[in-house]
Amino acid sequence: MVGGLKPGDPQRIGPYRLAGRLGRGGMGHVYLGLSAGGRPVAVKVIRADLAADPEFRVRFAREVAAVRRVSGLFTALVVDADVDSAVPWLATAYVAGPSLAEAVTGDGPMATRPALALAAGLAESLSAIHAAGVVHCDLKPSNVLLSPDGPRVIDFGISRAAGTVSAAGIGWVTGSPGFMSPEQALGGEIGPPSDIFSLGAVLAFAATGRGPFGPGSRPEVAYRLVYGPPDLGEMPSRLRPLVERCLAKDPGRRPTADEVLGAANDGRPAPGWLPGPALGALALGALAPARPAELPGRLPGRRRLSRSASRWAPSARAHPARGWRRGPRPRRR
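Residues numbered from 1 in each chain as written. Predicted model: local features only at pLDDT ≥ 70, side-chain atom pairs only at ≥ 80, totals over all residues. Heavy atoms only, no water.

Caption draft 1: Representation of the overall build of the protein in the model. Per the secondary structure count, the protein includes ten helices and twelve strands. Out of the 333 residues belonging to the protein, those deemed buried represent 51%. Across the protein, every contact between residues at least 6 apart in sequence was considered, and the portion connecting residues at least 24 apart equals 62%. Summed over its atoms, the accessible surface of the protein is roughly 15,100 Å², and 54% of this surface lies on carbon and sulfur atoms. (Helix = DSSP H or I, 4+ residues; strand = E, 2+ residues; numbered from the N terminus. Buried < 20%, exposed > 50% of the residue type's maximum accessible area, 1.4 Å probe, protein only. Contact = heavy atoms within 4.5 Å. Areas by Shrake-Rupley, 256 points an atom, 1.4 Å probe, with all protein chains shown as cover.)

Structure follows, in structure tokens:
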């Protein structure tokens, strides 16, 4: 969701006027920006301490050059960047939709059909990423956005160019607990199979509401991730074999992104693939950027989506092109 700018936040980055906060990650803040023509973009602004590190700047410039080669229907494309400014930044296409983490945490796990569509969309996204010689390295539920025509993978902030790289000596921690691959946790070589492991963990979260290696501190989760089996007892039978293959400890035993896509091809995202709660969030406009006249500052008319309000969507008559379906109407307050 879009939050208001805070004291000390910049008002403009490069050619973009900043309109609100979209979130923050290990490398900096992400803002909603508006181009001169009013087009929304997501602008990642690098932390000052990292920007002051010459070695980081070199790595960041290489990564930006690599991710600009990525194209695909299910990725948020890089549209602009400045790696040499006092505050380096990267702008990607803005996707109006909840993250997978928000959707599952707020409204529960996905049913099998939308989870298969999620698997197919993410596999197609990773196929495009890997074809460009890039490894994402941080695929997790908060880096997957749900849009009406399929999921979008975002945040290539710690992506790596070319076939395989070593996590040792990178200078910052890669991956997220419970979703990184065993080779990431051990500081080994990272290649496309690492993203496939993360994909399996993301699908397990989507279908069960929790990660396959349980809660706990980073060392505890990392130990189970490297040495323990995943907990897939609640996985739907249609998804479990695919997720088990993705979560193989040996990178050589994991499927490629194209093989995952083939296994989930009957669930490929199409109009109406989103479950009702995610559609309701889009329908209520809680996740769309405000009109330029309403910015900057607090976004008027925006309120936190309640569980009851998120369970409805407008009828197909109102949005015939999107195939939305009607659910229970929200209660009057």
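Caption draft 2: The arrangement of the nonpolar core in detail. Ranked by internal contacts, the top residues of the largest apolar core, which has 60 residues, are Phe60, Leu100, Leu118 and Leu146. Counting residues per element, this core draws most heavily on helix H6 (residues 192-208), which supplies ten residues. Counting residues in each nonpolar core, the second largest holds ten residues, with Ile13, Tyr16, Val41 and Val43 among its members. (Core = buried A, V, L, I, M, F, W, Y, C linked by side-chain atoms within 4.5 Å.)

Caption draft 3: Geometry of the packing of helix H4 (residues 112-131) against H6. Axis separation between H4 and H6 bottoms out at 11 Å; the angle between their running directions is 160°. With respect to their mutual orientation, H4 and H6 come out roughly antiparallel. Where H4 crosses over H6, the handedness of that crossing is right-handed. Mapping the contact onto sequence places Ala115, Leu118, Ala119, Leu122, Leu126 and His130 in H4 and Pro192, Asp195, Ile196, Leu199, Val202, Leu203 and Ala206 in H6. Partitioned by chemical class, the residues of the contact of H4 with H6 number eleven nonpolar, one polar and one charged. (Axes fitted to C-alpha atoms, helices over the stretch in contact; angles between N-to-C directions. Parallel < 35°, antiparallel > 145°, perpendicular 65-115°, else oblique. Left-handed = near helix turned anticlockwise from the far one by under 90°. Nonpolar A, V, L, I, M, F, W, Y, C, P; charged D, E, K, R; others polar.)

Caption draft 4: The arrangement of the pairing of strand S9 (residues 150-153) in detail. Alignment of strand S8 (residues 144-147) against S9, held across four bridges, turns out to be antiparallel. Note that in S9 the partner of Ser147 across the bridge is Gly150. Between S8 and the antiparallel strand that follows it, S9, lie two residues. (Pairing = 2+ DSSP bridges.)

Caption draft 5: Representation of the environment of Trp89 in the model. Tracing the backbone through its elements, the reader meets Trp89 in strand S6 (residues 89-93). You can call Trp89 buried: its relative accessible area is 5%.

Caption draft 6: Broad picture of unusual backbone geometry. A positive phi is found at Cys137, a non-glycine position, where the angle reads about 75°. Mapped onto the secondary structure, Cys137 falls in the loop between strand S7 (134-135) and S8.

Caption draft 7: Summary view of the packing of helix H3 (residues 100-107) against H6. Running from N to C, H3 and H6 cross one another at 30°; their axes reach a closest spacing of 9 Å. Here H6 runs roughly parallel to H3, going by the angle between their axes. Considering how the two elements wind past one another, H3 and H6 form a crossing that is left-handed. Contacts from Leu100, Ala101, Val104 and Thr105 of H3 reach H6 at Val202, Phe205 and Ala206. When the residues that make up the contact of H3 with H6 are grouped by side-chain class, the tally is six nonpolar, one polar and no charged.

Caption draft 8: A look at the packing of aromatic side chains. One pass over the structure, following the stated rule, counts five aromatic pairs. For the pair Tyr16 and Trp89, a centre-to-centre distance of 5.9 Å together with 85° between the ring planes defines the contact as edge-to-face. Of this pair, Tyr16 sits in strand S2 (residues 16-25) while Trp89 sits in strand S6, and the two are 73 residues apart along the sequence. Judged on exposure class, the residue Tyr16 and its partner Trp89 are both buried. Centre to centre, the rings of Tyr223 and Tyr227 are 4.9 Å apart; their planes meet at 45°, and the pair counts as tilted. Separated by four residues within a single helix, Tyr223 and Tyr227 lie in helix H7 (residues 218-227), roughly one turn from each other. (Phe/Tyr/Trp six-rings, centres within 6.5 Å; stacked < 30°, edge-to-face > 60°.)

Caption draft 9: Molecular detail of a nonpolar patch on the surface. Judged by side-chain polarity, Leu186, Tyr223 and Tyr227 come together as a nonpolar surface patch covering roughly 410 Å² of accessible area. Assessed through its relative accessible area of 54%, Tyr223 is described here as exposed. (Patch = residues over 30% accessible without salt bridge, like charges linked within 9 Å, V, L, I, M, F, W, Y side chains within 5 Å. Salt bridge = Lys/Arg side-chain N within 4 Å of Asp/Glu carboxyl O.)

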